[in-house]
Amino acid sequence: MKVVTFNATVNAVKFLQNPCSGVLNTMGDASDAKTTTIRVLCRKLLLIAKADSGIQWLIGSPFLPTFTIVSTFRCIHTLASDPLSPDFSKEADDIRALLPRGFEVIGALIVGSTNSNDERSAQDAIDASSRLRKALSQSENQSLVGAVVDPSSGVLRFFVSNSVVESVDTVVYEEQPEKYVWERGCMLNCELPIKLPVSYSVVELKGAEDMLTCAIEAAVAKFRDSKTTYVLEALDDFKTEAPHAVIIRNRELDLSMESNAKSLLCSHFCSEDNNHKSHSAENADKIQVSFMLATSGASLKPAAPVAEYIPGEAKLLVVDYKLKVICYATKDLRLTDAVSKLIIPGLVDQLHTMKNMTLPHLLSQHPKLQPYHFNPPGFLHPITAIYDSLYGETELKQVEIRRSLHLRLGLPSDQPVLRIASAMNLSIAKDGASGNTLRKGISLLKDVHIGIPSSGVNGGDVSLVQGSYEYYHYLQDGFDDSGWGCAYRSLQTIVSWFKIQQYTSIGVPSHREIQQSLVEIGDKDPSFIGSREWIGAIELSFVLDKLLGVSCKVINVRSGDELPEKCRELMMHFETQGTPIMIGGGVLAYTLLGVDYNDTTGDCAFLILDPHYTGSDDLKKIVNGGWCGWKKAIDSKGKRFFLQNKFYNLLLPQRPNMV
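Residues numbered from 1 in each chain as written. Predicted model: local features only at pLDDT ≥ 70, side-chain atom pairs only at ≥ 80, totals over all residues. Heavy atoms only, no water.

**Let's talk about the side chain of Gln-577**
Part 1: Here Gln-577 is to be found in the loop between α12 (567-576) and β25 (581-585).
Part 2: A relative accessible area of 16% places Gln-577 in the buried class.
Part 3: At 2.6 Å, the side chain of Gln-577 and the backbone nitrogen of Arg-655 are in polar contact.
Part 4: If sequence neighbours within four positions are ignored, Gln-577 has contacts with Trp-497, Met-572, Pro-653, Gln-654 and Arg-655. (Helix = DSSP H or I, 4+ residues; strand = E, 2+ residues; numbered from the N terminus. Buried < 20%, exposed > 50% of the residue type's maximum accessible area, 1.4 Å probe, protein only. Polar contact = N/O pair within 3.5 Å; in protein donor to acceptor, adjacent residues only side chain to side chain. Contact = heavy atoms within 4.5 Å.)

This is the structure we're talking about:
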């Protein structure tokens, strides 16, 4: 943990983008001090460009210390005349759908305020967050954070609202924010399919909307019906003996009743050993909550069947919803409170959100809504996005929805991190929980370059592949391609990168599928399929274009001795595109994962992933054997890695500009 102490000001550009840098004061835990402390967990606090104006909502949790900032959302619905005047109704609708219960708005950050008085601007930020909390039906009696950034100087000031607005002098930037959130917390997951029958007169179409509203209110009432039962069980699969499921009946949620379930905490389902996994939303302790409604048994009130008569021609419409709700809870929260204060309100919120999305299109082609949970890069907690499955992921409507989410969350505008393939799967335990992907029964290694020894270049700048990839090499999948398949394997590694980064949903192609693609575009004769013929960089570019729609840049060099001259260009590729590069020369092909280059001395090294490896997928054996490691054009013994008398092509796949 780093504690930053200053006279109420911090350079926003310096500390918000890299909060652990700068002049730091090791004071111990600032929470022990008597002064008010702001605790910042999110790694990127400033989402709005320095030259722009706008508001960001600061997100915290009632289960974390006061004034702890877990994440931030950009305000994207504002009055056309003023970017600092939010449309609170639209903002509340969006955040209610996005933010899991267990997190809440705790303040706001203003960038580019025209008010020269920071305290007044902070008061505006606090007032805005208070109004948003009211629109979200969150408690209004809470101290809130107001932060102000001057876009010209980059100065950030924090204030809090106690009885009056006060400046804050101490800000704590946590070094292990994931551990801070998830060591003390867990995730609850509830999935509930609901079918709502809607009968309406064809001459009184407004009645259909009223019927849907009534059906939803009836469903909401069932969530707290005395006959409703909630079954809680552990989702984690690492325990040798999972705890027994806990049954909570709705009547036990009454504070006046005593029950065994009422005394149990969420920790009942959590691991006692926190060393078995890393702390993150993906690896958090998870509790599955199932909804059950008893339809038999004596009714508490006299009841009789009810039939509604609709004069004239009538139609029946069945609205099908699949609710998927996640919540964050501290491990010492009672299970009954987790159900009554998190799960049930979460179900109600999502049901109303879906109703609002359905009503405008109810009688035309009503949406097929599906919630998905995502854990975007840089975020400490998941978010929920509701997509309409009537539209394909590449259709403009879905693309615009994702662009809006990227803008709100401060995500890159050219990387598809919120596509369905990236969604978290909380329904069942996953195969390959260790992070490896399963293909044809074989566990493939990922990111084998992480942790390898340094290159030996003094004072060099290192540029590496961005994101994850799988290591493909000779003899995998029981297929003997030794001596001819190195370029195929390099292509498979490149395709795996695009697949893992969600640029494509197609599987990694086999050798035969690669050959089939080249025949289909007319580059090869049909006899090429099933052959053991080599392919090179140009053929790889054809396949990437056909299968993925990915364009490539090709660099040609006449000799291996010229490759170091391309280091500056290769560094730029890894910094802007981040994709693996295929190097083909003579009869050999390699995958390039990075370069280390000293611009002053010209000393350089190439991070090579070698597809010619024929052994088992033993990471230690691969690294120690040099099958993944830094290679200099000429090593200390005078041996050349790239041949002097060979022509080389370098294939640089370009990252698609898409979300």
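Picking up where we left off.
**Let's talk about the environment of Glu-191**
Part 1: For Glu-191, the position within the fold is in strand β14 (residues 185-201).
Part 2: Judged by its relative accessible area of 28%, Glu-191 falls in the partly exposed class.
Part 3: Sequence spacing of Glu-191 and Lys-322 is 131 residues, and the spatial spacing of their C-alpha atoms is 7.2 Å.

**Overview of the pattern of salt bridges**
Part 1: Applying the stated rule across the entire model yields 21 salt bridges.
Part 2: Among the ionic pairs, Asp-320 bridges to Lys-195, the shortest N-O distance being 3.1 Å. Taken as a pair, Asp-320 in strand β18 (residues 314-330) and Lys-195 in strand β14 lie far apart in primary sequence, 125 residues in all.
Part 3: Note on Asp-320: relative accessible area 30%, which makes it partly exposed.
Part 4: A salt bridge links Asp-599 to Arg-568; the shortest N-O distance between them is 2.2 Å. Taken together, the positions of Asp-599 in the loop between β26 (588-597) and β27 (604-609) and Arg-568 in helix α12 put the pair 31 residues apart, joining distant regions of the chain. (Salt bridge = Lys/Arg side-chain N within 4 Å of Asp/Glu carboxyl O.)

**Things to note about the nonpolar core**
Nonpolar side chains tend to gather and get buried jointly when the protein is soluble and globular.
Part 1: Counting 65 residues, the largest nonpolar core has Leu-570, Leu-592, Phe-606 and Leu-650 as the members making the most contacts within it.
Part 2: In contact with Leu-592, other than residues within four places in its own chain, are Leu-570, Phe-574, Pro-580, Ile-581, Ile-583, Phe-606, Leu-607 and Ile-608.
Part 3: Counting 48 residues, the second largest nonpolar core, distinct from the first, contains Tyr-200, Phe-269, Leu-323 and Ala-338. (Core = buried A, V, L, I, M, F, W, Y, C linked by side-chain atoms within 4.5 Å.)

**Things to note about the state of the cysteines**
Such a bond, covalent and formed between the sulfur atoms of two cysteines, is termed a disulfide.
Part 1: Tallied over the full model, the rule gives zero disulfides.
Part 2: Left without a disulfide partner, Cys-186 is nearest to the cysteine sulfur of Cys-270, which lies 4.3 Å away.
Part 3: Residue Cys-186 is classed as buried on the basis of its relative accessible area, which comes to 0%. (Disulfide = S-S within 2.5 Å.)

**What about the packing of aromatic side chains?**
Part 1: For the coordinates displayed, the defined rule picks out 20 aromatic pairs.
Part 2: Residues Tyr-471 and Tyr-613 carry aromatic rings whose centres are separated by 6.5 Å and whose planes lie at 20 degrees to one another, so their mutual orientation is stacked. Of the two residues, Tyr-471 is situated in the loop between β23 (461-464) and α9 (486-500) and Tyr-613 in the loop between β27 and α13 (619-624); the sequence distance between them amounts to 142 residues. No difference in accessibility class separates Tyr-471 from Tyr-613, as the two residues are buried.
Part 3: On the basis of an interplanar angle of 85 degrees and a centroid distance of 5.0 Å, the ring pair of Phe-641 and Phe-642 is categorised as edge-to-face.
Part 4: One aromatic cluster is present, formed by Tyr-590, Phe-606, Phe-641, Phe-642 and Tyr-648 through successive ring pairs.
Part 5: Above the face of the Tyr-180 ring, Arg-184 is positioned so that its terminal group lies 4.0 Å from the ring centre.
Part 6: A cation over a ring is seen here: Lys-524 above Phe-528, with NZ or CZ 5.3 Å from the ring centre. (Phe/Tyr/Trp six-rings, centres within 6.5 Å; stacked < 30°, edge-to-face > 60°. Lys NZ or Arg CZ within 6 Å of the ring centre and 35° of its normal.)

**Points about unusual backbone geometry**
Part 1: Positive phi, close to 50 degrees, is recorded for Asp-447, a residue that is not glycine.
Part 2: Tracing the backbone shows Asp-447 in the loop between β22 (442-444) and β23.
Part 3: Judged by relative accessible area, which is 15%, Asp-447 ranks as buried.
Part 4: Positive phi outside glycine occurs at Leu-475, with the angle close to 70 degrees.
Part 5: Tracing the chain through its elements places Leu-475 in the loop between β23 and α9.
Part 6: For Leu-475, a relative accessible area of 36% translates into the label partly exposed.

The values are spatial; any link to function lies outside them.
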